[in-house]
Amino acid sequence: MKIDLFNHFTPAKVYEQFKKLAPDNPGVKAFAALPALWDLEARLRLMEQFPDYQQVLSLSNPPLELLAGPDQSPDLAKLANDELAWVCRKYPKMFPTFTASMPANNVDASIREAERAITTLGARGIQLFTNVNGKPLSNPEFLPLFEYMAAQDLPIWIHPMRGPHFSDYAAEDHSESEIWFTFGWPYETSACVTRLIYSGLFDKLPNLKIITHHMGGMIPFFAEKVALGFQQIFFGAPGRNPIAEKAGLQRPVLDYYHMLYADTALNGSLPATVCGHAFWGTERSLFASDAPFDSIGGKQLIQGTIDAVNGLAISDADKNAIFEKNARKLMRLDQ
């Protein structure tokens, strides 16, 4: 069995609500070109092409907090999670569970919705985006939500969020050539978890489970750069990072990154998957395709990612762990 841990589905009722709330949102406008993103029958036809394959569903961009204010976003989250739960109940062999969407611009409501989704609907974790309307997740206001999820011993999926309005240069007001997407999203993931690390979150909550999308973004490729801080070059020593000391971190900086989990959603690139696996190891690597976001509706991403994991020079037992066992353990699916 292969459990696709990070892919996206916006049920039709939710899609219709998105169109009402944000008809000019570029992502919402583009949804029509990908039926497998919102049409359940199209999604089932896609999945039937892959035997012994399941998906853990999560809502796609845009984040709910971009579509509704803090008074309305809880109802939007409730609708989204109810619809995802319905799909899982109707087709449990295809969709064993889902990742709950949060009204992240309302932290108290997010905790209540996380509790409802987990205890009542069967969600096995929540999805957050790398920033909440520009606020970093390391902002203290979000700490109670992290504390709640740590207490549940269930993971948080972190999805990058950046749009064309994030300019490439300070003198400009927008990004060009899709740089915001191609390079901005890996940067978002890397920046988000770095801010969380330096906030002391993992010293407060050492058992917190965070899944980073796209194999952790830039982190594996720049692992040795992560390990050597800029100030450390001039004012530190091989084992002494002044910025980490100032933050009060209790471990070497790189150790915290190894506490994260990473998925294999790398568009089927074997070299990138090798790099990511070399950093995270088998135990922290999780199979995910990011379907259906390719030009043929998801098939290329699913098959390419399967091929990339199978291409790793590791044992069949390790491949099985990445494809299935790690996800079952992380989400406690067999309990």
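Anything mentioned here points back to the structure above.
Conventions used here
- Residues numbered from 1 in each chain as written.
- Predicted model: local features only at pLDDT ≥ 70, side-chain atom pairs only at ≥ 80, totals over all residues.
- Heavy atoms only, no water.
- Helix = DSSP H or I, 4+ residues; strand = E, 2+ residues; numbered from the N terminus.
- Rg over C-alpha atoms; globule rule 2.2 N^0.38 Å.
- Buried < 20%, exposed > 50% of the residue type's maximum accessible area, 1.4 Å probe, protein only.
- Areas by Shrake-Rupley, 256 points an atom, 1.4 Å probe, with all protein chains shown as cover.
- Lys, Arg positive; Asp, Glu negative; His and termini not counted.
- Charge placed at Lys NZ, Arg CZ, Asp CG, Glu CD.
- Salt bridge = Lys/Arg side-chain N within 4 Å of Asp/Glu carboxyl O.
- Arc of directions from axis to C-beta.
- Contact = heavy atoms within 4.5 Å.
- Patch = residues over 30% accessible without salt bridge, like charges linked within 9 Å, V, L, I, M, F, W, Y side chains within 5 Å.
- Axes fitted to C-alpha atoms, helices over the stretch in contact; angles between N-to-C directions.
- Parallel < 35°, antiparallel > 145°, perpendicular 65-115°, else oblique.
- Disulfide = S-S within 2.5 Å.

Q: Hey, could you run me through the overall build of the chain in this one?
A: Helices and strands together make up the secondary structure of the chain, namely 17 helices and 10 strands. The globule rule puts the C-alpha radius of gyration for 335 residues at 20 Å, and the 19 Å found for the chain is close to it. By its C-alpha atoms, the chain is 60 × 50 × 45 Å across when sized along the principal axes. The burial tally for the chain puts 54% of its 335 residues in the buried class. As displayed, the chain has an accessible area near 15100 Å², and 55% of this comes from carbon and sulfur atoms. Taken together, the 30 basic and 37 acidic charged side chains of the chain have centroids lying 4 Å from each other.

Q: Could you clarify how one ought to interpret the pattern of salt bridges in this entry?
A: Pairing between side chains of opposite charge can happen when the charged atoms of each approach one another. Applying the stated criterion to the full structure yields 12 salt bridges. With a shortest N-O distance of 2.9 Å, Asp82 and Arg116 are connected by a salt bridge. Of the two residues, Asp82 sits in helix 5 (residues 73-90) while Arg116 sits in helix 6 (residues 107-121), which places them 34 residues apart along the sequence. Classification of Asp82 by relative accessible area gives partly exposed; the value is 23%. Between Glu245 and Arg240 there is a salt bridge, with the nearest N and O atoms lying 3.0 Å from each other.

Q: Would you mind going over helix 7 (residues 143-152) with me for this structure?
A: Residues Leu145, Phe146, Tyr148 and Met149 constitute the buried set of helix 7. For helix 7, the buried positions fall inside an angular range of 160 degrees around the axis, keeping them on one side. Along its buried surface, helix 7 packs onto helix 6, strand 4 (126-129), strand 7 (156-159), helix 9 (184-198), helix 10 (201-204) and strand 8 (210-212). Downstream of helix 7 by a residue or two, Asp153 has a phi angle that is positive, lying close to 55 degrees.

Q: Looking at this structure, I do not really get the side chain of His159. What am I missing?
A: Among the structural elements, His159 can be located in strand 7. Sequence-distant contacts of His159, that is, excluding residues within four places in its chain, are made with Phe6, His8, Asn61, Gln127, Leu128, Phe129, Thr130, Trp185 and His213.

Q: It is not clear to me how a nonpolar patch on the surface should be interpreted in this structure. Could you clarify?
A: Together, Leu228, Phe230, Ile233, Phe234 and Phe235 make up an exposed nonpolar region whose accessible area comes to about 600 Å². For Leu228, the position within the fold is in the loop between helix 11 (223-227) and helix 12 (230-235).

Q: Just to check I follow, could you spell out the packing of helix 1 (residues 12-21) against helix 5 for this structure?
A: Following both chains from N to C, one finds helix 1 and helix 5 inclined at 155 degrees, their axes separated by 9 Å at the closest point. When the axis of helix 1 is compared with that of helix 5, the two are roughly antiparallel. In this structure, helix 1 contributes Lys13, Val14, Gln17, Phe18 and Leu21 to the contact, and helix 5 contributes Leu76, Leu79, Ala80 and Glu83.

Q: Explain the state of the cysteines to me, please; I cannot follow it from the model alone.
A: Each disulfide consists of a covalent bond between the sulfur atoms of two cysteine residues. With the rule as written, the count across this model stands at 0 disulfides. The thiol of Cys192 is unpaired, and the distance to the nearest cysteine sulfur, on Cys275, comes to 20 Å. Classification of Cys192 as buried rests on a relative accessible area of 6%. Cys275 sits in the partly exposed class, given a relative accessible area of 27%.

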